[in-house]
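Examining the three-dimensional arrangement
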Amino acid sequence: MKKKINLLIVKASPNSDGCGNKIMLELERFVKKELNCKVSIFDQQKESLRRNEKYQMICDGKKMESKFEKKLMACDGIILLSPVYLKQAPGEFKITLDQFAYRMNEFPLIGKKMVSFVYCDTNGAKELNQYYKNIFSSAGVEFVGTCDYYRAFQSLDENMSIFKEDIQTMYRYIRNDVFHISDGQERLFQIYKEVIQKEQEKGIEVHRHKRWNLLNQYDSLYDYVKSTM
Ligand SMILES: Cc1cc2nc3c(=O)[nH]c(=O)nc-3n(C[C@H](O)[C@H](O)[C@H](O)COP(=O)(O)O)c2cc1C
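Everything numeric in this text was worked out from a predicted model, so none of it was measured. (Residues numbered from 1 in each chain as written. Predicted model: local features only at pLDDT ≥ 70, side-chain atom pairs only at ≥ 80, totals over all residues. Heavy atoms only, no water.)

1. Quick word on the site of the ligand
What counts, and what does not: Throughout, the term near means that a residue has one or more heavy atoms lying within 4 Å of the molecule or strand in question. By the criterion applied in these results, polar contacts are pairs of N or O atoms within 3.5 Å in which, for protein atoms, one can donate a hydrogen and the other can accept it, and in which residues neighboring in sequence qualify only through two side-chain atoms. Here the Shrake-Rupley method, with its probe set to 1.4 Å, supplies the accessible areas, and only the displayed protein chains count as covering residues. Elements are defined by DSSP. Helices are runs of H or I of four residues or more, strands are runs of E of two residues or more, and each kind is numbered from the N terminus. Each residue gets one of three labels, nonpolar for Ala, Val, Leu, Ile, Met, Phe, Trp, Tyr, Cys and Pro, charged for Asp, Glu, Lys and Arg, and polar for the others, Gly among them.
With respect to spatial proximity, 16 residues lie near the ligand, and among them Ser-13, Tyr-85, Tyr-119, Thr-122 and Arg-151 are the closest. Between the ligand and Tyr-119, the relevant distance is 2.7 Å, taken from an oxygen atom to a side-chain nitrogen or oxygen of the residue. Within the backbone of Thr-122, an N or O atom sits 2.7 Å from an oxygen atom of the ligand. Surface burial for the ligand is 74%, taken as the share of its 640 Å² of free accessible area covered by protein chains. Only helix H1 (19–33) and strand S4 (113–120) provide two or more residues apiece to the shell around the ligand. Its residues placed into classes, the shell around the ligand shows 7 nonpolar, 6 polar and 3 charged.

Printed below as a string of structure tokens:
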């Protein structure tokens, strides 16, 4: 019997009782009851900020796994809920993302699926969704759907029902081992591969080489993912 699918809900808002909280609670119920999945939650509001300390650990080159990273690595699919703050990601959440940046050229999230719901009052949702798509795709994620919600002009219920369909599609892809690698991800794989080889020829040692000792054995990301199934 296949194990229960584990979906991670990421609430990027640092606000405890705002729009993001309401959406998170509804989607948690939906994923548990309708899809019968295991749900884990990363709620930015519950995280303390100790930026300097954590950056120090990354700069030292030591292995540092934040709670965000642990949850990302353990899940099959990610549901990102993010408000727009001054046309960008909320500052606190950006710090969370920065703490994961040291793994960005290792394709750490390859094989995982993602959907994102970005909401704002009047402007910035589409652009911020594009930003999330760029950074998470370069970490290996396959985007199944994105929803831009403008609170001043649109209905939450309509956007939520479209987004739930995206979540259902993501669930089906995971359950049936369906995956797609984009041309951009394959190009990035070849670029990183070349950079890593050059670093190794020069005797430069960095933590990402450990991961690349495995990835280097494959001609493409597609071949790598296929081998893991
Ligand atoms: C600091 C801050 C900056 C904001 N900047 C924008 C913005 O640039 N564009 C916009 O349309 N709405 C902006 N908003 C409105 C929020 O996106 C909107 O109220 C959202 O629902 C807040 O979600 P939350 O309660 O889950 O944090 C901003 C709100 C805050 C608190």
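Now that the structure is up, let's keep going.
2. Some words on the domain arrangement of the protein
The cut-off we apply is this: Segmentation into domains, and thus their bounds, comes from an automatic or database assignment. Buried area: the sum, over both parts, of the accessible surface (1.4 Å probe) that disappears when the two are put together.
By the assigned domains, the protein splits into domain 1 (6–175) and domain 2 (183–227). At the boundary of domain 1 with domain 2, total buried surface from both sides reaches about 1,100 Å², with 64% on carbon and sulfur atoms. For the domain 1 face of the interface with domain 2, the top three residues by lost area are Asn-105, Glu-106 and Phe-107, together amounting to 56%. The tally of links from domain 1 across to domain 2 stands at 6 residue pairs in polar contact (both at pLDDT 80 or more). Considering only residue class, the side of domain 1 that touches domain 2 consists of 6 nonpolar, 4 polar and 1 charged.

3. Description of the packing of helix H4 (residues 91–98) against helix H5 (residues 125–138)
So the rule is basically this: To obtain each axis, a line is fitted to C-alpha atoms, and for helices this fit is confined to the stretch in contact; angles are then taken between N-to-C directions over 0 to 180 degrees. Put simply, angles under 35 degrees are roughly parallel, angles over 145 are roughly antiparallel, angles from 65 to 115 are roughly perpendicular, and the rest are oblique. Take the far helix as the reference: if the near one is turned anticlockwise from it by less than a right angle, the crossing is left-handed, and if turned clockwise, right-handed. We call two residues in contact when some of their heavy atoms are within 4.5 Å.
Between H4 and H5, the least distance of the axes is 13 Å, while the angle of their chain directions is 15°. Classified by the interaxial angle, the pair formed by H4 and H5 is roughly parallel. Classified by chirality, the crossing of H5 by H4 is left-handed. Here Phe-93, Lys-94 and Leu-97 of H4 come into contact with H5, specifically with Tyr-131, Tyr-132, Ile-135 and Phe-136. Among the residues forming the contact of H4 with H5, the class breakdown is 6 nonpolar, no polar and 1 charged.

4. Structural notes on the packing of aromatic side chains
For the record, the criterion: For Phe, Tyr and Trp, rings pair up if their centres lie within 6.5 Å, where Trp contributes its six-membered ring, and each pair is then called stacked (planes under 30 degrees apart), edge-to-face (over 60) or tilted (otherwise). Think of it in three bands: residues with accessible area under 20% of the maximum for their type are buried, residues over 50% are exposed, and the middle band is partly exposed, with areas taken using a 1.4 Å probe on protein chains only.
Scanning the entire structure with this criterion turns up 16 aromatic pairs. Ring centres of Phe-107 and Trp-212 lie 6.4 Å apart, and the angle between their planes is 65°; this geometry places the pair in the edge-to-face category. With Phe-107 in the loop between H4 and S4 and Trp-212 in helix H8 (residues 208–215), this residue pair connects regions lying 105 residues apart in the sequence. You can call Phe-107 buried: its relative accessible area is 0%. Ring centres of Tyr-131 and Tyr-132 lie 5.8 Å apart, and the angle between their planes is 55°; this geometry places the pair in the tilted category. Overall, the relative accessible area of 30% leaves Tyr-131 in the partly exposed class. An aromatic cluster of at least three residues, connected via ring pairs, comprises Phe-42, Phe-68, Phe-93, Phe-100, Tyr-131 and Tyr-132.

5. Examining the pattern of salt bridges
Basically, it comes down to this: When a carboxyl oxygen of Asp or Glu lies within 4 Å of a side-chain nitrogen of Lys or Arg, that pair is called a salt bridge.
Evaluated as defined, the whole model comprises 13 salt bridges. For the salt bridge of Lys-113 with Glu-142, the shortest nitrogen-to-oxygen distance reads 3.1 Å. Here Glu-142 lies in strand S5 (residues 142–150) and Lys-113 lies in strand S4, a separation of 29 residues in the sequence. The exposure classification of Lys-113 matches that of Glu-142, with both residues buried. For the salt bridge of Asp-121 with Arg-151, the shortest nitrogen-to-oxygen distance reads 3.7 Å. Pair noted here: Asp-121 is in the loop between S4 and H5 and Arg-151 is in the loop between S5 and helix H6 (156–175), with a separation of 30 residues, a long-range link. One connected set of salt bridges, linked through shared partners, spans Lys-11, Asp-43 and Lys-46.

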